[in-house]
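# Coordinates in review
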Amino acid sequence: MTPQERTALRKNLRNTRRQLTIREQDEAAARLYNSIAGQRFFHSAKRIAFYLPSDGEIDPGFLLAAALARGQHCYLPLIHPCKKNRLLFVRYRSGDVLRSNHWGIYEPVLRSATRISARVLDLVFVPLVGFDAACNRLGMGKGFYDRTFSFRMHTGRHRPMLVGVAHECQKVGKLESSDWDVRMDKIVSDQQTYQPDRI
Ligand SMILES: Nc1ncnc2c1ncn2[C@@H]1O[C@H](COP(=O)(O)OP(=O)(O)OP(=O)(O)O)[C@@H](O)[C@H]1O
Ligand SMILES: [Mg+2]
């Protein structure tokens with residue numbers, strides 16, 4: 001697939017996702033919650049990273065609320081102020097102030113005391129633009145998640161567990177992956193769960 005074809009694919013998938021109605025989004029968020037809330041990987045995680053949805057992304061908000069209520073430590077990504085195209089994660093507690101960033105995406109306010117290394121997270125819910133049944137992920141095209149979690153490939157570690165979450169309409173036949181692409185351990189859509197070793 002040429003870079004131009006990847007750009008066109010991203011554009012199409014983002015358009016499809018944006019066209020979902022509020023009702024479809026709410027139903028998808030509830031189904032995502034129902035698929036994940038009872039799972040061991042979710043309730044056994046002590047530190048979990050979520051994201052605040054934008055651009056039609058599926059909303060993991062019910063899971064965030066449940067994790068906060070259970071006393072699990074929750075984190076949100078923030079664009080790294082110094083390292084190019086990398087994310088850092090900061091603790092989020094109910095009622096914390098959020099500010100919209102350069103792209104209009106809400107972020108917590110950076111306070112060094114609440115910032116943690118991506119390596120100590122147990123579980124990360126990863127947004128995506130497209131995916132395939134083998135758990136390959138197509139992101140927004142900046143490599144943020146790929147760079148931030150590249151240590152997993154260098155060290156062969158499986159922590160944190162990376163769980164891509166998406167609408168089923170974001171699934172494509174087969175995505176070509178590049179050397180730098182970090183594969184998801186699981187992808188959960190509003191309709192199905194995909195695992196690389198189960199296809
Ligand atoms: N670990 C890395 N080190 C250096 N450059 C990287 C790394 N990962 C990705 N990149 C660069 O980032 C660019 C975008 O990567 P890619 O097209 O895979 O983005 P993406 O996975 O769609 O986006 P994202 O991860 O932000 O959602 C690529 O051109 C690639 O060279
Ligand atoms: Mg990538």
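Residues numbered from 1 in each chain as written. Chains lettered and ligands numbered in written order. Predicted model: local features only at pLDDT ≥ 70, side-chain atom pairs only at ≥ 80, totals over all residues. Heavy atoms only, no water.

### A closer look at the nonpolar core
Note on soluble globular proteins: their nonpolar side chains tend to be buried together. Residues Phe42, Phe50 and Phe125 are the most contacted members of the largest nonpolar core, which totals 44 residues. Here this core takes 5 residues from strand 10 (residues 161-166), the largest share from any one element. Those residues in contact with phenylalanine 50 that sit more than four places away from it in its chain are Phe42, Pro60, Leu63, Leu64, Ala67, Cys74, Tyr75, Leu76, Pro77 and Phe125. Within the second largest apolar cluster, 6 residues are counted, among which are Leu9, Leu13, Val129 and Leu138. (Core = buried A, V, L, I, M, F, W, Y, C linked by side-chain atoms within 4.5 Å. Buried < 20%, exposed > 50% of the residue type's maximum accessible area, 1.4 Å probe, protein only. Helix = DSSP H or I, 4+ residues; strand = E, 2+ residues; numbered from the N terminus. Contact = heavy atoms within 4.5 Å.)

### Details of the coordination of the magnesium ion (ligand 2)
Octahedral six-donor coordination of a metal ideally yields angles of 90 or 180 degrees, compared with 109.5 degrees for tetrahedral four-donor coordination. Coordination of the magnesium ion (ligand 2) by the protein involves Asp146 (OD) and Asp181 (OD), with metal-donor separations of 1.9 to 2.1 Å. Taken as a pair, aspartate 146 in helix 5 (residues 144-148) and aspartate 181 in the loop between strand 10 and strand 11 (186-189) lie far apart in primary sequence, 35 residues in all. (Donors = N, O, S within 2.8 Å, 3.2 Å for Na, K, Ca; no water.)

### Examining the sheet that holds strand 11
The strand order 6-3-2-1-7-10-11-12 describes an open sheet built from 8 strands, whose pairing is mixed. Each edge of the sheet is formed by a strand with only one pairing partner; in this case those strands are strand 6 (115-116) and strand 12 (193-194). For strand 3 (residues 87-92) and strand 6, the ladder comprises 2 bridges, and the chain directions are antiparallel. Bridged to phenylalanine 89 within strand 6 is isoleucine 116. In this fold helix 2 (residues 22-36) packs onto strand 7 (123-127), strand 10 and strand 11, with an angle of close to 135° to the strand it touches most, strand 11. (Pairing = 2+ DSSP bridges. Axes fitted to C-alpha atoms, helices over the stretch in contact; angles between N-to-C directions.)

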